[in-house]
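Read off the chains here:
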Amino acid sequence: MKRWTFFLGLWLVCGFHSTGYAAKKPGKSAPTGVTIVAKAESVVSGSLIHVGDIATIQGGSPTLQQAIAAVVVGVAPLPGLSRSIMAGDILVHLREAQLASPSIHIKAPTMILVRRAANNVAANQIVQVALAAAQKAVQGIAGAVIVPDPVEGNMVLPTGQLQIVAGQVGGDPGLGTLFVPVNLYVDDKLVQATTVTFHVHRRLQALVANRTLEPRDILQPDDVSLVTVDLPPGFNDPITDAKEAIGKRATRRILAGAPIPASALEVPPVVQAGNIITVLYVVGQARITAYGTAQQSARIGDTIHVYITSTHKIIDAVVLDAHTAEVMNN
């Protein structure tokens, strides 16, 4: 009986210890915490660098992952540029955010390169927008051609919805220069402004002098030619039909090869000062004539002073032709 009792006690003791060991034996490994795995190179779009921009976050609750991802580790470079972040910067900023703990592990290269994404706006994009505005300013000007000043390089702007908007055109196309302001918006915010300069050329068929014309020269058919020419800035009233010039008189010097403006020509006078002309009086059915001396040069239709020889009086008369003027009855 004592022996049986001994073996029963031994079995209970051994069974107890065996059961206790089984309870302490570990099953599957419990989660070990959060691991932040930083990339060697990253691209950000905003002005700040967050942990979530440069690393993936593994383990932990979604709430903790979001909190870690939102931690700011530095200021982003300007659009299109890059800067380096030290691996230790991540830990420093986690501590500042009171998120550092032994259960959070960081795996990162010593140096992390961060580049800022950008909108690269080509110079040609800006010129095309400005050109559309400038073309409206020269509508109605015959032969107008607008040429932009060279615009070099691209503009590097923040990422977002880009808008390129031309402002009010300045300058005078008649004087040969236009200025078009251009504003660049990203997400409806003005981020850059510039101005595109255009030179206005007018290329058309116009009458040019075949020889140097002196003041008072009467133009003959051989004196002019109709050719395609670039009109200089500020040139107004080009003559496009030779019939408008032949027989007229130059009022100023016009160099050979130069276009002839209408303002430089005049109809020559048919009556010269000192010419003896016939003055015609019309009274009802009666026509009375007298001789007089023109006191000034005049063209047909001009009113001039005429000295009447027989009465020694000066009267006003309208020139009818090279030899006759008529007194108008009021």
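Please refer to the structure placed before this passage.
Keep in mind it's a predicted model, so treat the numbers as computed, not measured. (Residues numbered from 1 in each chain as written. Predicted model: local features only at pLDDT ≥ 70, side-chain atom pairs only at ≥ 80, totals over all residues. Heavy atoms only, no water.)

A.B. asks: Talk me through the nonpolar core; I want residue IDs and the actual numbers.
C.D. replies: Of all hydrophobic cores here, the largest spans 20 residues; its most connected members are Val51, Ile54, Ile68, Ile90 and Leu94. Elements represented by at least two residues in this core include exactly β1 (34–38), α2 (51–54), β4 (55–58), α4 (87–96) and β8 (111–116). For this core, the element with the highest residue contribution is β1, accounting for 3 residues. Discounting residues that sit within four places of it in the chain, Ile90 has contacts with Ala38, Val51, Ile54, Val73, Ile106 and Ile112. Counting 18 residues, the second-largest nonpolar core is a separate cluster that includes Val121, Val180, Val182 and Phe198. (Core = buried A, V, L, I, M, F, W, Y, C linked by side-chain atoms within 4.5 Å. Buried < 20%, exposed > 50% of the residue type's maximum accessible area, 1.4 Å probe, protein only. Helix = DSSP H or I, 4+ residues; strand = E, 2+ residues; numbered from the N terminus. Contact = heavy atoms within 4.5 Å.)

A.B. asks: Provide a residue-level description of the sheet that holds strand β6 (residues 82–86), including the pertinent values.
C.D. replies: Strand order in the open sheet formed by 3 strands is β2-β8-β6, and the pairing between neighbours is mixed. Looking along the sheet, the strands with just one partner apiece sit at the ends: β2 (41–44) and β6. Direction aside, the axes of adjacent strands within the sheet are offset by 30° on average. Relative to β8, β2 runs parallel, the two being bridged by 4 bridges. Residue pairing for β8: Val43 is matched across the bridge by Arg115. Running over the sheet, α4 touches β6 and β8 and is turned about 65° from β6. (Pairing = 2+ DSSP bridges. Axes fitted to C-alpha atoms, helices over the stretch in contact; angles between N-to-C directions.)

A.B. asks: Can you explain the pattern of salt bridges? Please cite residues and give values.
C.D. replies: Throughout the structure, instances matching the rule amount to 6 salt bridges. As a salt-bridge pair, Glu266 and Arg249 come within 2.6 Å of each other at their nearest N and O atoms. Here the residue Glu266 occupies a position in strand β18 (residues 265–266), and Arg249 occupies one in strand β17 (residues 249–250), the gap between them amounting to 17 residues. Among the residues examined, Glu266 registers a relative accessible area of 25% and is labelled partly exposed. Looking at Arg249, the relative accessible area reads 11%, which means it is buried. Several salt bridges share partner residues, and in doing so they unite Arg211, Asp217 and Asp223 into one network. (Salt bridge = Lys/Arg side-chain N within 4 Å of Asp/Glu carboxyl O.)

A.B. asks: Any details on the side chain of Arg202? Residues and values, ideally.
C.D. replies: Mapped onto the secondary structure, Arg202 falls in strand β15 (residues 189–209). Notably, Arg202 is buried but unbridged: the nearest opposite-charge side chain belongs to Asp237, and the N-O separation is 7.8 Å. For Arg202, the contacting residues outside a window of four places in its chain are Ile141, Ala142, Gly143, Ala144, Val229, Asp230, Leu231, Pro232, Gly234, Phe235 and Asn236. (Lys, Arg positive; Asp, Glu negative; His and termini not counted.)

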